[in-house]
Amino acid sequence: MGPATSENHHAPPDTKKSGYDAPEGVEIRGRYDGEFAAILTKDALQFVADLQREFRNRIKYAMECRKEARRRYSEGALPGFDPATRCIREEEWTCAPVPPAVADRKVEITGPVERKMIINALNSGAKVFMADFEDALSPSWENLMRGQVNLKDAVDGTITFHDKVRNRVYKLNNQTAKLFVRPRGWHLPEAHILIDGEPATGCLVDFGLYFYHNYAAFRRIQGAGFGPFFYLPKMENSREAKIWNCVFEKAEKVAGIERGSIRATVLIETLPAVFQMNEILHELRDHSVGLNCGRWDYIFSYVKTFQAHPDRLLPDRVQVGMTQHFTKSYSDLLIWTCHRRGVHAMGGMAAQIPIRDDPEANKEALELVRKDKLREVRAGHDGTWAAHPGLIPACMEVFSDNMGNTPNQIQSMKREDASTITEEDLLQRPRGSRSLEGLRLNTRVGIQYLAAWLTGTGSVPLYNLMEDAATAEISRVQNWQWLKYGVELDGDGLGVRVSNDLFGKVVEEEMARIEREVGKEKFQRGRYKEACKIFARQCTAPTLDDFLTLNAYENIVIHHPMGSSPRL
Ligand SMILES: CC(=O)SCCNC(=O)CCNC(=O)[C@H](O)C(C)(C)COP(=O)(O)OP(=O)(O)OC[C@H]1O[C@@H](n2cnc3c(N)ncnc32)[C@H](O)[C@@H]1OP(=O)(O)O
Ligand SMILES: O=CC(=O)O
Ligand SMILES: [Mg+2]
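Here the structure is a predicted model, which is why all the values come from computation and not from measurement.

(A) Structural view of the sheet that holds strand β8 (residues 198-201). In space, the three strands of this open sheet follow the order β1-β7-β8, with antiparallel pairing throughout. On the outer flanks of this sheet lie β1 (26-28) and β8, each paired with one strand and no other. Across the sheet, the mean angle separating the axes of adjacent strands is 55 degrees when strand polarity is ignored. Note: β1 against strand β7 (residues 189-195), three bridges, orientation antiparallel. When the bridges of β7 are listed, I28 appears paired with I193.

(B) Here's a closer look at unusual backbone geometry. Going from G227 to P228, the amide bond is cis rather than trans, its omega being -5 degrees. With respect to the secondary-structure elements, P228 resides in the loop between α7 (202-221) and β9 (229-232). Phi at R415 takes a positive value of approximately 55 degrees, unusual for a residue other than glycine. Position of R415 among the secondary structure elements: in the loop between α14 (392-403) and α15 (423-427). Accessibility expressed as a relative area gives 16% for R415, which makes it buried.

(C) Examining the UniProt feature "domain: Malate synthase N-terminal" (unreviewed entry) in the protein more closely. Following the UniProt record, the feature "domain: Malate synthase N-terminal" (unreviewed entry) maps to residues 24-85 here. Between the end C-alpha atoms of residues 24-85 there is a gap of 42 Å, over a span that is 63% helix and 5% strand.

(D) Local environment of the pairing of β7. Most of β7 sits out of view: seven of its seven residues are buried. Both β7 and β8 contribute to a ladder of four bridges, which runs antiparallel. Bridge pairing in β8 places P189 opposite T201. A loop of two residues connects β7 with β8, the two strands running antiparallel in sequence, and D196 in this loop sits at a positive phi of about 55 degrees.

(E) Broad picture of the sheet that holds strand β12 (residues 345-349). Read around the barrel, eight strands follow the order β2-β3-β6-β9-β10-β11-β12-β13 and close on themselves; strand pairing throughout is parallel. Taken over all neighbouring pairs, the strand axes of this sheet differ in orientation by 25 degrees on average, direction set aside. Across the face of the sheet, helix α13 (residues 359-379) comes into contact with β12 and β13 (383-386) while running at roughly 165 degrees to β12.

(F) Expanded view of the site of ligand 1. Among the 27 residues in the neighbourhood of ligand 1, the closest are listed as T110, K116, Y170, H388 and S459. T110 is positioned such that a nitrogen or oxygen atom in its side chain is 2.7 Å from an oxygen atom of ligand 1. In this structure, an oxygen atom belonging to ligand 1 sits 2.9 Å away from a side-chain N or O atom of R356. Bound to the protein, ligand 1 loses 84% of the 950 Å² it would expose on its own.

(G) Up close: the coordination of the magnesium ion (ligand 3). For the magnesium ion (ligand 3), the protein coordination sphere consists of D135 (OD), E269 (OE) and D297 (OD), at 2.0 to 2.2 Å. Between consecutive donors of the magnesium ion (ligand 3), the numbers of intervening residues give the motif D-x133-E-x27-D. With a gap of 134 residues between them, D135 in the loop between β3 (128-132) and α6 (141-156) and E269 in the loop between β10 (263-268) and α9 (271-274) connect regions that are remote in the sequence. Neither residue differs from the other here; D135 and E269 are each classed as buried.

Analysis parameters
Residues numbered from 1 in each chain as written. Chains lettered and ligands numbered in written order. Predicted model: local features only at pLDDT ≥ 70, side-chain atom pairs only at ≥ 80, totals over all residues. Heavy atoms only, no water. Pairing = 2+ DSSP bridges. Helix = DSSP H or I, 4+ residues; strand = E, 2+ residues; numbered from the N terminus. Axes fitted to C-alpha atoms, helices over the stretch in contact; angles between N-to-C directions. Buried < 20%, exposed > 50% of the residue type's maximum accessible area, 1.4 Å probe, protein only. UniProt positions renumbered as here; feature names shortened; annotations may be inferred. Contact = heavy atoms within 4.5 Å. Near = heavy atom within 4 Å. Polar contact = N/O pair within 3.5 Å; in protein donor to acceptor, adjacent residues only side chain to side chain. Areas by Shrake-Rupley, 256 points an atom, 1.4 Å probe, with all protein chains shown as cover. Donors = N, O, S within 2.8 Å, 3.2 Å for Na, K, Ca; no water.

Here's what the structure looks like:
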């Protein structure tokens, strides 16, 4: 279901039509709901509009710079350290001290801003809950606005949920995880909110509404005078971090709270950003609580950055883990950089999740998670991510056993040995083989993920692994890369070359397999055919789409009143 199209994207605001009381120049095209109206107040929307108006040109310029960098990489240039910012990398400086409320971040659970999951995550025993508007959330109007309602109730401590089928009421424990919120990346628009006739920037909507409604309660209840806390995704350059820093400063000024109250952890999850870690921390030095190894988007970004480099093709997705030389170098350099600057170096997400119906497989999955966490804590990471509450005891045990009573390893694991890591280390080609089974799995996973995303679910269990937008991206771009360069699949001894014909056959067979696996009824009810069309188009596109979610976004936009869509 796509939006109806119209040329009328500079129409004046009409609050009578939308039902919302929007300020001058702001138009709401999303469905009216009384609960949403309590979030989309005139003052909150004015705050978002002020952010949009002040920063829109800088955001557009930053997105142009991304394109320009991509053009250079496609002409053969390699990403690397910027000679112009050498002094930032070489001089001694530190970020503002870590707020006591988040000194200990040994295990952080992540999940979409869904009501029951928020309660479960906050009660999970993790130190932090990263509430996600990005990789784990399908950004439909309903999900985004419900997410804001849920977060407000969570910060206020009043959130409850009644599971009518199981007659179970969920509410918060006395002790809960500290809340971090991850807004969308800079690239995603919010098509249901127009500001001066243009779709708003998605992350300014997520940040602005959440900050506006929650900063005071958060600082009182959660942050011990600091906060709110954020995770910032998918940045490529310190220029983008500087915009966030200015957004934070403006928000602090408007709210009348001390500069440096807001704190954020930046995900280093693009290849260009690994060369900018000092610069990113420097821009955010009064607002930083560290960096995080967003490994899945990082692998996706490796393919995207090298889309025109046939000598840098990825092996099967399952073979690209954190023990490859390029990913190990990235994690080691991140730890050294963060600890030198006095902030947390957070680990990332192992994709395994509990397997309920197979104790032996469950044991193996848990063992893989333990192994991954042991590698992280021994390397010097201060904490890690868990996708599921069932993994928290094991992750916590590994980190606690290896860190003793200290809340973090910022002082004890300096990792100065990592200072010798070079550009070559960070770019080294991943090793492994490619197989037809890899192509099949990418296809099966990509289509099923997209089908879930189109129906409003942004993170799903598939074949006993967590799949979200970042992991699905790897499936998509890997297929694209293999098709583009007609690679030979030699991993299973078949030696066939990937071609449009082969891919067409694989898509057909995998769709039949998906239908068998999910059942005819679910297959018919779901959006599998639509997902298949989008996924196949993305894999065979002559030029690589920047983001799966950006490309597919118009399929989840629903405007009210209908027939009045802006151009994205
Ligand atoms: C690359 C990245 O960006 S990683 C970060 C983004 N990705 C994520 O955050 C993924 C988060 N995890 C999830 O969404 C889910 O765990 C999935 C989709 C992987 C698995 O979901 P399911 O198979 O439905 O989980 P399962 O049925 O085992 O859930 C059991 C219980 O745990 C809860 N649960 C599962 N995962 C989470 C979570 N991450 N947070 C809170 N509660 C959770 C469920 O709500 C359910 O609760 P209930 O027993 O009260 O009903
Ligand atoms: O956001 C995390 C990632 O791995 O991507
Ligand atoms: Mg990510």
